[in-house]
Structure formats: structure tokens, C-alpha cells
Amino acid sequence: MRKTFFSVLIIIVIVWLIHGMFLIKISKLEMAINTDRKILETVEKDLDKKIIEYDSKVDLEKIGKEMRTKNKMEISNSIKFFQIEE
């Protein structure tokens, strides 16, 4: 009777300790995921700002006109300039 009681008690303690270790690991991984998500959000916001800034600075028609006047280049019919609309 005592052997079975102690063996069940030991098994319960071992399972409890393993469960605790896994909970600690999972909580650490979740915290790492949350910090990475915050970093990703800030990087995506910076990227969006830079894309908007780049689009506002680039004027493709102006570049085409400069190419024709200054460098005397011709624009092919198969290549067309485009504008990005927001």
C-alpha cells in the first residue's frame, strides 16, 4: 500500500514539475513573439512611410522629359511610364 502511494505521489510530482517547466518555456516564447510582433509593426510602419515618401519624390514623367531633352534618349513603345496612385 505504501509503495503504490509513494509511486503515485512521485509520478504526480514529476508530471507537475514537467508541466511547470513547459509552462515557463511557453510563456517565454509568447513574450518573445509579442516583442517580435511589436518590432514588426514598427518596421512595417517605417516601410510604409518610406514608400509614401519615395512615391511623392519620384515623378516618372519628369524623368522621361529629362531623358528626352538632356540625354536625347528615346522611349520605346513597349516600355511605358506609370504612376502609383494612392
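Up top is the structure.
Residues numbered from 1 in each chain as written. Predicted model: local features only at pLDDT ≥ 70, side-chain atom pairs only at ≥ 80, totals over all residues. Heavy atoms only, no water.

## Here's the deal with a nonpolar patch on the surface
Filter applied, for reference: Two joining distances apply to patches: 9 Å for like charges and 5 Å for nonpolar side chains (Val, Leu, Ile, Met, Phe, Trp, Tyr), and every residue must have over 30% relative accessible area and no salt bridge. All accessibility values rest on the Shrake-Rupley procedure with a 1.4 Å probe; residue burial counts only the protein chains present in the view. Within this document, salt bridges are pairs made up of a side-chain nitrogen of Lys or Arg and a carboxyl oxygen of Asp or Glu, the two lying within 4 Å of each other. Secondary structure counts use DSSP, requiring at least four H or I residues in a row for a helix and at least two E residues in a row for a strand, with both numbered from the N terminus. Only protein chains enter the accessibility calculation, which uses a 1.4 Å probe. A residue is then buried if its area is under 20% of the maximum for its type, exposed if over 50%, and partly exposed in between.
On the surface, Phe5, Phe6, Leu9, Ile10, Val13, Ile14, Trp16, Leu17, Ile18, Met21, Phe22 and Ile26 cluster together into a nonpolar patch covering about 1,200 Å² of accessible area. Tracing the sequence through the fold places phenylalanine 22 in helix α1 (residues 2–57). Residue class for phenylalanine 22 comes out partly exposed when judged on its relative accessible area of 47%.

## Description of the packing of aromatic side chains
In plain terms, the rule: Pairing of aromatic rings covers Phe, Tyr and Trp, the last counted by its six-membered ring, and requires centre-to-centre distances within 6.5 Å; plane angles under 30 degrees mean stacked, over 60 mean edge-to-face, and any other angle means tilted.
Taken as a whole and assessed by the stated rule, the structure comprises 1 aromatic pair. Measuring from ring centre to ring centre gives 5.7 Å for phenylalanine 5 and phenylalanine 6, while their planes differ by 65 degrees; the resulting arrangement is edge-to-face.

Structural measurements only, silent on function.
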